[in-house]
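# Chains, contacts and geometry: an overview
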Protein chains: 2
Amino acid sequence: MTDIVIAGLGQTEVGEHWDVSLRELALWALEDAVRDSGGIRPEALYVGNMLAGTLSSQQHLGALIADFAGLRGIEAVTIEAAGASGGAALRQGYLAVKSGIVTSALVVGVEKVTDKIGAGVSAALASSGDSDFESAQGVTPTALAGLIMRRYMHEHGVGLKDFAGFSVNAHANAKTNSRAMYRNAISPEAYVKASMVADPINVFDTAPDADGAAAVLITTADRLPEGFEHPPVRIAASALATEALAVHDRKDPLALTAARISAQRAYAQAGIGPEDIDVFELYDSHTVMAAMSLEAAGFADRGRGWEFARDGNTSREGKIPVSTFGGLKARGNPGGATGVYQAVEIALQLRGEGGANQVPGARWGMAQCLGGSGATAVTHIFLAQE
Amino acid sequence: MTDIVIAGLGQTEVGEHWDVSLRELALWALEDAVRDSGGIRPEALYVGNMLAGTLSSQQHLGALIADFAGLRGIEAVTIEAAGASGGAALRQGYLAVKSGIVTSALVVGVEKVTDKIGAGVSAALASSGDSDFESAQGVTPTALAGLIMRRYMHEHGVGLKDFAGFSVNAHANAKTNSRAMYRNAISPEAYVKASMVADPINVFDTAPDADGAAAVLITTADRLPEGFEHPPVRIAASALATEALAVHDRKDPLALTAARISAQRAYAQAGIGPEDIDVFELYDSHTVMAAMSLEAAGFADRGRGWEFARDGNTSREGKIPVSTFGGLKARGNPGGATGVYQAVEIALQLRGEGGANQVPGARWGMAQCLGGSGATAVTHIFLAQE
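The paragraphs below set out a description of the structure included in this document.

With that settled, the discussion passes to the interface of chain A and chain B. As a measure of interface size, the accessible area lost when the parts come together is often cited. Between chain A and chain B, the contact holds 58 residues from the first and 58 residues from the second. Buried area between chain A and chain B, summed over both chains or domains, comes out near 4400 Å², and the portion from carbon and sulfur atoms is 48%. Counting the surface chain A buries against chain B, the share from its top three residues, Q59(A), H60(A) and E80(A), is 16%. Counting the contacts that link chain A with chain B gives six salt bridges. Inspection of the chain A/chain B interface yields 30 residue pairs in polar contact (both at pLDDT 80 or more). Mapped onto the side of chain A that touches chain B, the elements with two or more residues apiece are helix 2 (52-55), helix 3 (61-68), strand 3 (75-80), helix 4 (85-98) and strand 8 (233-242) of chain A. In terms of residue count, the dominant contributor to the side of chain A that touches chain B is helix 4 of chain A (seven residues). Looking at the side of chain A that touches chain B residue by residue, the classes come out as 26 nonpolar, 20 polar and 12 charged. With three bridges connecting them, strand 3 of chain A and strand 3 (residues 75-80) of chain B associate as antiparallel partners. Bridged to T78(A) within strand 3 of chain B is E80(B).

Moving on to the packing of helix 6 (residues 141-156) of chain B against helix 10 (residues 287-296) of chain B. Residue and element names in this part refer to chain B. Two numbers describe how helix 6 lies on helix 10: the axes approach to 9 Å, and their chain directions differ by 60°. Relative to helix 10, helix 6 is oriented oblique. As helix 6 packs across helix 10, the resulting crossing turns out to be left-handed. Packed against helix 6, whose contacting residues are A145, I148, M149 and Y152, the element helix 10 presents T287, V288, A291, M292 and E295 at the interface. A breakdown of the residues in the contact of helix 6 with helix 10 according to their chemical character gives seven nonpolar, one polar and one charged.

The next point concerns the nonpolar core. Formed by 200 residues in total, the largest nonpolar core has its most connected members in I381(A) and I381(B). Excluding anything up to four places from it in sequence, I381(A) contacts R234(A), I235(A), A236(A), A237(A), A266(A), Y267(A), A270(A), I272(A), I277(A), W364(A), G365(A) and M366(A).

Conventions and cut-offs
Residues numbered from 1 in each chain as written. Chains lettered and ligands numbered in written order. Predicted model: local features only at pLDDT ≥ 70, side-chain atom pairs only at ≥ 80, totals over all residues. Heavy atoms only, no water. Contact = heavy atoms within 4.5 Å. Buried area = accessible area lost by both parts, 1.4 Å probe. Salt bridge = Lys/Arg side-chain N within 4 Å of Asp/Glu carboxyl O. Polar contact = N/O pair within 3.5 Å; in protein donor to acceptor, adjacent residues only side chain to side chain. Helix = DSSP H or I, 4+ residues; strand = E, 2+ residues; numbered from the N terminus. Nonpolar A, V, L, I, M, F, W, Y, C, P; charged D, E, K, R; others polar. Pairing = 2+ DSSP bridges. Axes fitted to C-alpha atoms, helices over the stretch in contact; angles between N-to-C directions. Parallel < 35°, antiparallel > 145°, perpendicular 65-115°, else oblique. Left-handed = near helix turned anticlockwise from the far one by under 90°. Core = buried A, V, L, I, M, F, W, Y, C linked by side-chain atoms within 4.5 Å. Buried < 20%, exposed > 50% of the residue type's maximum accessible area, 1.4 Å probe, protein only.

This is the structure:
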């Protein structure tokens, strides 16, 4: 079995696409990925999406997008794992190619939420939690993150201002990403003064819901077309783990257990440790999730993720650059597409095609996405090929 | 690579489960499958579901069900492909085990619709079609089936009464299936007199939406526990294909192209042809779909599927027994669970554990489920092991 590589990349701008349909967004990303691969024709399509059924009255995206993209007849399904849907779709594509049955797979993450922004979107997003015991009480993902952040501040003795590092870094990186939703820098002073959303979470703490689509085409290394124009990027590890869905059911709500398990499995598969990672796209849906992700993945001690970011370790020149194209916070968070954006961004870094956002000399990259306050975590590790 | 086998089976009664939650339904089926396997602990969970997001405000079923079932931590995702979700989930489980990365996978199909029966369910079901060009006009799956059936009657010169064979057979078989929703026989005379739903489709033409859950535990043959109590059933072929989603976009709306392609791929993988199949669980959501399925899978000539059934070939003693436990029509159609019910029923037949519903000497079995008026088709072929 030869290595499995990312051969093609595509991504649309993240933002409010009022004039573009869900299927068109997917098509744009998908066409770019096929073109970028040198024209590999995929045998299967894995769609990461979480909200089209509720917000667009459209399920069955596999057949819909395959048909619209001129791939009528191919294998196509939708993969859903809340906010981790994009990473889970990449995982299914990886397993399919690894099985030897599918030779090349297109993984497309797509989401369209801003048409319905407001209570409808909040209710739809809340369906990623436990509907009988959380959402039924009116608890949304941001409200849950607020509870978790309050507990984190209490247990670890930190204040709101201590979380500023994540959002300041994300916005600084998004400035030069033409696909990012918010390309403005923010200061630590602006961060602490921002309006509250779900105390202690303020608008600069939480990532914006957005529309967007991203795609990667994966295949085996021996199937890359002659004269393939990019350094291929190998998928060195792929792991998905779960944890109790309801936050109140977790033994340790500050631990991100699924993130830790999936990261450990991924390190073991790749034969490396956190010290080898050069760039890490983490799931900064809220700053407290970013802090806990750094801790779960072994980059910071428990309760010290905020400090790691505050001290500049997560900048492009730091020890572990994160959110290098703006992260969920500033590139934007297009739900089920987010995990695929992360893979695209890591692949750009490992190809050396990051432009102004390039992390110099990046060789090992890691992407991790979370669903339902971390109840599902998908971790992929990628390696630049010579 | 050793063979992949079905090691455990579970299924709940199909019907109206007013007092049972979605997660409990899934748990019942899942626990039965694990127990039936002799206690194999699954490494991954693939959930087939299409409507929980819209009808139960609950997505993220992978983490939810894994946790509720005492499998906290394992890999778990939801697979959606409209009515074919259950078959698609089995396909993903198969690919995962085939990859060698997952050693044993639990595939659970679950659906809960009857709490919201009425316009809400119709709208949710319509999201399996093309929302911009079909559902937006008010077209539901049953209305589409009505248009297809009318065209079939016109092109092939047949009348309503000619479709009676499917429903009469399904109800006759359901009588002795303790899990079936409708265990009453119907006569050809009653069939033609039934109330219209979407002319020419009447209530005896269309399968009832229902609640239910089914599960299969799959693993490699060498991992069956010592003293495994059942004849294992090998998954000899697995194939998924798509076709244009909107029926009006299809070159031939009477052909079920995806069903034909997936069946052909499956026959090629198994190294057999339709003449070798001993029992076939087809997707009789509407009698016209059953007729076209027989044609697409190579059991009847184009336009003659109705005749094949009318002449008794689909009964348990006929050439190709179908709907042997009642099919969608009389066992009931629990949406994303249906494809897993089909696999459970075929496995029971090939184990020789079909009881009063046993097809004598069944060795090769086939299950095919369809989504979105046949835009997605999943075909699995199974072989009884000595």
